[in-house]
Amino acid sequence: MKHLKKNLALLSVVFIIIGICITGLGYMLGGTFSFSFSPQNRKVVTSKDMKNATRLVEKETEAFSSVKVQSDQLDTVIQAGDCFSISYPESPNGQTSYSIKDGVLTVDSVTKNQFFFFSFDFEPIEKTITITVPEALDTISLLGEDCECRIEDQTADEVSLDTDYGDIFIHNSNIKNTVIQSKNGDISFKNCQIDILDAALDYGSCTITDSVINNHTFTLKDGDALFNRLTAQTSNFSLKYGDFTMADSSIEQLSVKITDGDCKISLAEDKSQYSLLLDITDGYITVDGKEMQGTYMKEASGKNTVEITSKYGDIDIISGR
């Protein structure tokens, strides 16, 4: 009897491993894996049924000056185009609605709770709300649970993004004031002009490339930060666990505080134009190849300053052109 139980347990483990491998293979080939059971009407819904019932709603709308989106699982894309429009999937598993009042486009998307979800198919189901605008916006606001947000080619006064899980992309955009709160996901800025940025990320990475962000404060608990060709007046960055890398960037006043991680900075200008205050508890400070420990301080006649504090990790400063 003991041998039978052991064999049954071993067989169960083998089947579980096979199931995981098949699921992974399906995702690699671009498929979806889903099977849902609705407790409301006790009806089994497979992905084939969902695809047959799912349709993409595409509508031109009246003009609006602000966007407000609340979504639990559908991704959101805000893009430039020739006319005001919106598109979103309509399926048995969710409900999306929108309205325009006083110049504000309000979108609400809710996915119905399913307590069992299992099937296999090779045609992914559309899961994106796409909003197209032909002109500048006053405000963009997104409240999301498990969804990606992408803002491309936009001009706006205010952007406010609050997400639990999902990546955030802001590319080719001109924004006066941006506020981001994210629990888990990556944040990317590329070719942006932003006056003020206040961002807080618990877990994920932050990438800024070819952008001007005049004044920004960024708090990251666990993850890496990579800034390439960033121009700013003031930059305040706080990182608990992870590495901070800044390459070929021009910052008038840079402040970096790291608890556990390395900091490497390549200045766009010669370091002689910067006053440096580098302090490390456990690690090494390297300035143009010269290694030291403890605290390094250098005064400069210019107004540019770099202040870096690190508890555990190394600091490396490289002169620019």
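Residues numbered from 1 in each chain as written. Predicted model: local features only at pLDDT ≥ 70, side-chain atom pairs only at ≥ 80, totals over all residues. Heavy atoms only, no water.

With respect to the secondary-structure elements, aspartate 75 resides in strand S5 (residues 75-80). The class of aspartate 75 is buried, set by a relative accessible area of 15%. Setting aside anything within four residues of it in sequence, one finds aspartate 75 in contact with Lys127, Thr128, Ile129, Cys147 and Glu148. (Helix = DSSP H or I, 4+ residues; strand = E, 2+ residues; numbered from the N terminus. Buried < 20%, exposed > 50% of the residue type's maximum accessible area, 1.4 Å probe, protein only. Contact = heavy atoms within 4.5 Å.)

What follows deals with the environment of glycine 204. Considering the arrangement of structural elements, one finds glycine 204 in the loop between strand S16 (193-203) and strand S17 (206-222). Residue class for glycine 204 comes out buried when judged on its relative accessible area of 17%. C-alpha separation for the pair glycine 204 and aspartate 224, spaced 20 residues apart in sequence, amounts to 7.2 Å. The contacts of glycine 204, once residues within four sequence positions are left out, are Gly185, Asp186, Leu220, Asp222, Gly223 and Asp224.

Our next topic: the confidence of the model for the protein chain. Per-residue pLDDT for the protein chain has a mean of 84; in total, 79% of the residues score no lower than 70. Below a pLDDT of 50 lies the segment residues 29-47, which in the model reaches 56 contacts outside its immediate sequence neighbourhood of four places, other chains included. Counted against residues more than four places away or in other chains, residues 114-124, with its pLDDT under 50, gives 43 contacts. (pLDDT = per-residue confidence, 0-100.)

Looking now at the packing of aromatic side chains. Under the counting rule described, the total for this entry stands at six aromatic pairs. On the numbers, 4.8 Å between centres and 65 degrees between planes, the contact of phenylalanine 64 with phenylalanine 84 is edge-to-face. In this pair, phenylalanine 64 is assigned in the loop between strand S3 (55-60) and strand S4 (66-71) and phenylalanine 84 in the loop between S5 and strand S6 (85-90), connecting sequence segments 20 residues apart. Look at tyrosine 88 and tyrosine 98: their rings are 6.3 Å apart centre to centre, the planes differ by 70 degrees, and that puts the pair in the edge-to-face class. Placement of the pair is tyrosine 88 in strand S6 and tyrosine 98 in strand S7 (residues 94-101), with a sequence separation of 10 residues. The class of tyrosine 98 is partly exposed, set by a relative accessible area of 26%. Taken together, Phe218, Phe227, Phe237 and Phe244 form an aromatic cluster joined through their ring pairs. Cation over ring: arginine 150 sits above phenylalanine 169, and NZ or CZ is 4.1 Å from the ring centre. (Phe/Tyr/Trp six-rings, centres within 6.5 Å; stacked < 30°, edge-to-face > 60°. Lys NZ or Arg CZ within 6 Å of the ring centre and 35° of its normal.)

On a regular strand, each side chain points to the face opposite its neighbour's, so the side chains alternate between the two faces of the sheet. Summarising the sheet, S4 and strand S8 (residues 104-111) pair through six bridges and their orientation is parallel. Looking at the pairing, valine 69 lines up with valine 107 of S8. In the sheet, S4 pairs with strand S10 (residues 137-146) via six bridges, with the strands oriented parallel. Opposite serine 66, over in S10, you have threonine 139 as the bridge partner. (Pairing = 2+ DSSP bridges.)

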